[in-house]
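Secondary and tertiary structure notes
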Amino acid sequence: MSNFPELKIPHTLAAGPGPGNTDPRVLAAFANQGVADHMQADVLRGMVEAKIMLREVFGTKNVYTFGVAGTGWSGLDSIHSAILPGDKVVVFVNGTFSGIDCLSIRMKASSVADLAANPMDPQPANVITVNVPHGQSVTGEIVEAALAEHKPMFAFMAHWETGSGRINDLQGFNDACLKNNAMGMVDAVSSLGVENFNIDDFPGVGMWASCPQKGILALPLTYAPVSFTDKAIELFKTRGCYSFTHSPLFEARHWGVVDGKDVAAGTYHRTHSAYAVASYHEALRLLLQHGREQKAADYVACEKVLREAVAAMGCDVTSNMTSLIVLNLPGEFAGREKELVGNCRAAGFGIWPTLSEPVQIRIGILNQLTNASLTDIINRFADAMQVMGVKFDKASIMADVAKKLS
Ligand SMILES: *Cc1c(COP(=O)(O)O)cnc(C)c1O
C-alpha cells in the first residue's frame, strides 16, 4: 500500500524565467472560497469579469479574448489549432520556446503521411522554419524577406523568446504580415503583463497566446490568456479545427462569448474550477491595480539594477528582456553554469540554466519588484559566485545597489 505522508512544498525564492513569485493575495483567493460548481452564478460572473479585465491587459476590443484552461502551451495549442494539414506556415525560431512552438505547428500542418514518417518530430514541407541564432533577435527585415519569398497563409513568431531572453521585432513582424497578406500568430507568453503594449496596434497579428504563470502571475494552474481578431475567428468558423477542447469557438462560450457577442453568463464547455477562477480574477485585479504602464516601468528599472550588478561581478549579459537576464559567467568560469545554478537551487534560490544550447544562466524578476526582493536576489547570486571562487568586491556592489534603489 502506498501510504505517503502529506505533501509539503517549501517556500523558495522564484527567480527564474517563470513561474513568477505568486502574490499571497492570489493564493488566498484560491484557498478562501466556498464549495461551488462551475455553473454557480458568482463563478460565471467571475469568468465574465476576468474576460473584461483580460481585454484591458491585452489592450484590445477583440470579443474573442478569454483564458484557455491549462498552461501556456494550452493557449498556444488553441491558436495553433487554426493551422490545418497542408497549410503553408513560416515560423521564426530563436530559442527553446519558439522551437517548441515550431514543433507544435509542424504537428498541426502535417499530413497523415508526414506524421507517420516521424510522429514525435514531423517535417512537413509546407512549414518553413527560419532559424535565428541563440542570443539574437528576429528582426523585421528577416520576417519581411521570408514572407515575401514564401507567401505563407500563416506566420508565427514569439514576441519575447524566454529561452535566450531576446525581444523580437513585433512591429516589423506585424508590418510584414500585412504587406504579404499572411495571418500573424504571436506567442506573447513572456511579454504580456510585463511590457506595456496594446495588441490592437498590431492588426497584422490575428491570434495571440500567453500563459498564466509569467507576467500574469496566477500560478495556481489557471488560464492561458488568448485573443483572436474577428478575421482569425472567421477562419475557425469557415474551416473548423481538429480540437473540441481548444477550439476558440467552443472554449469562449464558457466565458460568455457566443456567436461573436458577449452574453451575460457562460454556457458549459468543461468543468472549470471555482478556485482557479477566483485566483485568476485576483491576479488580473492585482495587475490592473498596479497598472500596466507602472508595472512595465518597474520592470525596466529593476532589470537595469540587476544587470549592472551582475556585470560588476564580471558576468556578460546577452538578453534584452526586462523580466529576465541571461548571462555568461566570467571567462575562466565558463562551463560551470549548471554547477552554480544547482548550488543556488539546492539552497531554495530558484534561478535557471538555459534549456537548450549554449548553456547560460537565467535570473528572473517576475513579481520581484521591491527593493527587498531585488537586493535578496543580487545578494544570493553574489554569494553563490564567491563560493565558486569568482573574485569581486561584494560590499561595494551591494552598496551601489542600495544607492540605486534608494
Ligand atoms: C514559458 C513559455 C512557454 C510555455 O508556457 P507553459 O506555461 O510552460 O506551458 C511558451 N512560450 C514562451 C515564450 C514561454 O516563455
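Preceding this paragraph is the structure being described.
Residues numbered from 1 in each chain as written. Predicted model: local features only at pLDDT ≥ 70, side-chain atom pairs only at ≥ 80, totals over all residues. Heavy atoms only, no water.

Some remarks on the site of the ligand
Taken together, 13 residues sit near the ligand, with T71, G72, T162, D187 and K214 positioned nearest. Taking T71, its side chain carries an N or O atom lying 2.7 Å from an oxygen atom of the ligand. W73 has a polar backbone atom sitting 3.0 Å from an oxygen atom of the ligand. Coverage of the ligand by the protein chains reaches 90% of its 390 Å² of free accessible surface. In terms of residues, the shell around the ligand owes the most to one element, helix 3 (residues 72–80), which gives three residues. A per-class count over the shell around the ligand returns six nonpolar, five polar and two charged. (Near = heavy atom within 4 Å. Polar contact = N/O pair within 3.5 Å; in protein donor to acceptor, adjacent residues only side chain to side chain. Areas by Shrake-Rupley, 256 points an atom, 1.4 Å probe, with all protein chains shown as cover. Helix = DSSP H or I, 4+ residues; strand = E, 2+ residues; numbered from the N terminus. Nonpolar A, V, L, I, M, F, W, Y, C, P; charged D, E, K, R; others polar.)

Focus: the sheet that holds strand 2 (residues 64–69)
With respect to topology, seven strands assemble into an open sheet ordered 2-10-9-8-5-3-4, the strand pairing being mixed. Of all strands in the sheet, those with a lone pairing partner are strand 2 and strand 4 (127–131), marking the two edges. The sheet shows a mean angle of 20 degrees between the axes of neighbouring strands, taken without regard to direction. Across three bridges, the pairing between strand 3 (residues 89–93) and strand 5 (residues 154–158) is parallel. Note on strand 5: the bridge partner recorded for V89 is F154. (Pairing = 2+ DSSP bridges. Axes fitted to C-alpha atoms, helices over the stretch in contact; angles between N-to-C directions.)

Side note on unusual backbone geometry
What is expected of a backbone is that most residues other than glycine have negative phi and most peptide bonds are trans. The omega angle of the peptide bond from G18 to P19 is 0 degrees, so this bond is cis rather than trans. By secondary structure assignment, the location of P19 is in the loop between strand 1 (13–14) and helix 1 (24–31). Cis geometry is adopted by the peptide bond preceding P358, which originates at E357 and carries an omega value of -10 degrees. Structurally, the position occupied by P358 is in the loop between strand 16 (352–353) and strand 17 (361–364). One non-glycine residue, K151, adopts positive backbone phi at about 45 degrees. Within the secondary structure, K151 is located in the loop between helix 6 (140–150) and strand 5. Phi at L217 takes a positive value of approximately 60 degrees, unusual for a residue other than glycine.

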